[in-house]
Amino acid sequence: ASICQTRSGGGGILGDPLAGLWTHWHPHLDALIGLAILEGAYLLGVGPLRERHQLADDVDPRQVATFTAGVLVIFVALLSPIHELSDQYLFSAHMLQHVLLTLVAPPLLILGTPNWLIRPLLRANLSFWVARHATHPVVSFAAFNLIFAMWHIPSLYDTSMTNHGMHIAEHLIFITTAVLMWWPLTSRLPELPRLSYPLQMMYLFLLSIAQIIVFAPITFSTEPLYDWYVDAPRVWGMSVVVDQQIGAIIMKIGGGAFFMVLIIMAFFKWFNQEE
C-alpha cells in the first residue's frame, strides 16, 4: 500500500505524511521484471552466449560492475523512497529521480557494455542504418531535449502522474533517449564512434544550456505549474512554489555543473592528446 493514499493537503496517514517513508521500498512488479530482464539479458550475453558463439575470450569484470551499477541506479530511482517522495509529495524529488534516470544510469550502461556484445546486433544493414542515424549527435541531442521538454508541459506532466501506464512509458522514453544522448560521449564502438574532444566540449556546452527554455519558467514562476503537487501533503515546511524552484535547480543547475565538469575533463584529455 502507498504511504499516503490521500492527497488532502497538509496531512497523511496518522497526520504524519512521511511516517515510515525512509524504510519504504515500493515493489513495483513491472519495474522489477524490467530490470531483471535487462540485467539477465546482459549476464546471458557476457556469459553463456559469449562462450557459445565465441564472441570474446573473456569479459572485463569492471565492465560487468559498471553495467550492474547502472541497473542499480535505475533500481534506486524507481523503487526506493525517492520514488514515493516524487510521486506523492515533491516535484523536486521527481527531478532528482530524472537526474538518476537520464544523467547517471545511461552512461554507466553504455560504458559497461562490451563492443563484441553490441556488434552482432549491427550486422543487418537496416539495424546498423537505424543505429548510425539514431546515435548521430544532432539526432540524439534533439531527440532527448525535445522529448524531455515535452514531458514537462504541465498538462502532459499531470496526466502522466495520474496514469501509471503513461508514467512507465515516460521513464522508458527518458532512459532510451538519454542513452542516445550519451552515446556520442561514451561510445567505445568504432562503428558508432564517440565525438572528438573538441566536439565533445561543444556538445556538452549545448547540453548544459538546452533546457533553459523549460526550466526558466519553472524557476521564476510565482504560481504552481503542476496541479498534481498543489494538493499534496506539504513536507519540511516547503511551499509548492519553493519545491518547484528547487526541482528546477536540481535538474538545470545540477545537470549544468555535471556537464561543466565533463567539459573540463574533455579539455585536459584533448590537451594531453595534442601534447
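Note: the structure precedes this text.
Procedures and definitions
- Residues numbered from 1 in each chain as written.
- Predicted model: local features only at pLDDT ≥ 70, side-chain atom pairs only at ≥ 80, totals over all residues.
- Heavy atoms only, no water.
- Helix = DSSP H or I, 4+ residues; strand = E, 2+ residues; numbered from the N terminus.
- Rg over C-alpha atoms; globule rule 2.2 N^0.38 Å.
- Buried < 20%, exposed > 50% of the residue type's maximum accessible area, 1.4 Å probe, protein only.
- Axes fitted to C-alpha atoms, helices over the stretch in contact; angles between N-to-C directions.
- Parallel < 35°, antiparallel > 145°, perpendicular 65-115°, else oblique.
- Left-handed = near helix turned anticlockwise from the far one by under 90°.
- Contact = heavy atoms within 4.5 Å.
- Nonpolar A, V, L, I, M, F, W, Y, C, P; charged D, E, K, R; others polar.
- 1 Å grid on protein atoms, 1.4 Å probe; cavity = no way out; pocket = protein on both sides within 12 Å on 5 of 7 lines; lining within 4 Å.
- Points joined across faces, edges and corners; volume = space filled by probe spheres on them.
- Expected span 1.5 Å × (residues − 1).
- Polar contact = N/O pair within 3.5 Å; in protein donor to acceptor, adjacent residues only side chain to side chain.
- Core = buried A, V, L, I, M, F, W, Y, C linked by side-chain atoms within 4.5 Å.

When its secondary structure is counted, the chain shows 13 helices and 0 strands. Helices (α) and strands (β) of the chain occur, in sequence order from the N terminus, as α-α-α-α-α-α-α-α-α-α-α-α-α. Relative to the 2.2 N^0.38 estimate, which gives 19 Å for 275 residues, the radius of gyration of the chain is 20 Å and therefore close to what a compact globule would have. Here the C-alpha coordinates of the chain stretch approximately 60 × 40 × 35 Å along the principal axes. Relative to its 275 residues, the chain shows a buried fraction of 45%.

For the rest of this paragraph, the subject is the packing of helix 2 (residues 61-79) against helix 4 (residues 91-111). Two numbers describe a pair of packed helices, the interaxial angle and the distance between the axes. One can describe the packing of helix 2 onto helix 4 by two numbers: an axis separation of 7 Å at closest approach and a directional angle of 165°. On the basis of the axis angle, helix 2 is roughly antiparallel to helix 4. Relative to helix 4, helix 2 is oriented so that their crossing is left-handed. Only Q97, L100, L101, V104, A105, L108, L109 and L111 of helix 4 make contact with helix 2, whose side of the interface consists of Q63, T66, F67, A69, G70, V71, V73, I74, A77 and L78. For the contact of helix 2 with helix 4, the per-class residue count stands at 14 nonpolar, 4 polar and no charged.

Looking now at empty space enclosed by the protein. It is the rolling of a water-molecule-sized probe over the atoms that shows where space remains empty. Under the defined criterion, the tally for this structure stands at 2 cavities of 30 Å³ or more. Around the largest cavity, the lining is made up of 14 residues, and of these F144, L207, Q211, M251 and F259 lie nearest the centre. Counting residues per element, the ones that place at least two in the lining of the largest cavity are helix 7 (137-151), helix 10 (197-210) and helix 13 (240-274). At 5 residues, the largest contribution of residues to the lining of the largest cavity is made by helix 13. By volume, the second largest cavity is sized at about 30 Å³. Lining the second largest cavity, in full, are I110, T113, N115, I118, W183, R188 and L189.

Here the focus is helix 2. Its 19 residues place the ends of helix 2 26 Å apart at the C-alpha level, agreeing with the 27 Å of an ideal helix rising 1.5 Å per residue. Buried residues of helix 2: Q63, V64, F67, G70, V71, V73, I74, A77, L78 and L79, and no others. Looking at the packing, one finds that the buried side of helix 2 touches helix 1 (29-52), helix 3 (81-88), helix 4 and helix 9 (164-186). At the N-terminal end of helix 2, a side-chain oxygen is found 2.9 Å from the backbone nitrogen of R62, two or three residues along, and the residue is D60.

A separate point is the layout of surface pockets. Approximately 1,200 Å³ is the volume found for the largest pocket. For the largest pocket, the lining is made up of 41 residues, of which L38, L109, I175, T176 and V179 are closest to its centre. Sorting elements by how many residues they give to the lining of the largest pocket places helix 9 first, with 10 residues. Estimates place the volume of the second largest pocket at around 290 Å³. Lining the second largest pocket we find 14 residues, and of these L185, T186, Q200, L262 and K269 sit closest to its centre. Of all the secondary structure elements, the ones that give two or more residues to the lining of the second largest pocket are helix 4, helix 9, helix 10 and helix 13. For the lining of the second largest pocket, the element with the most residues is helix 13, which contributes 5 residues.

In this structure, W182 and F215 are the most contacted members of the largest nonpolar core, which totals 36 residues. When residues of this core are traced back to their parent elements, those giving at least two are helix 4, helix 7, helix 8 (154-162), helix 9, helix 10, helix 11 (212-220) and helix 13. Core analysis: the next-biggest nonpolar cluster, separate from the first, contains 20 residues, L35, V64, A105 and L117 among them.

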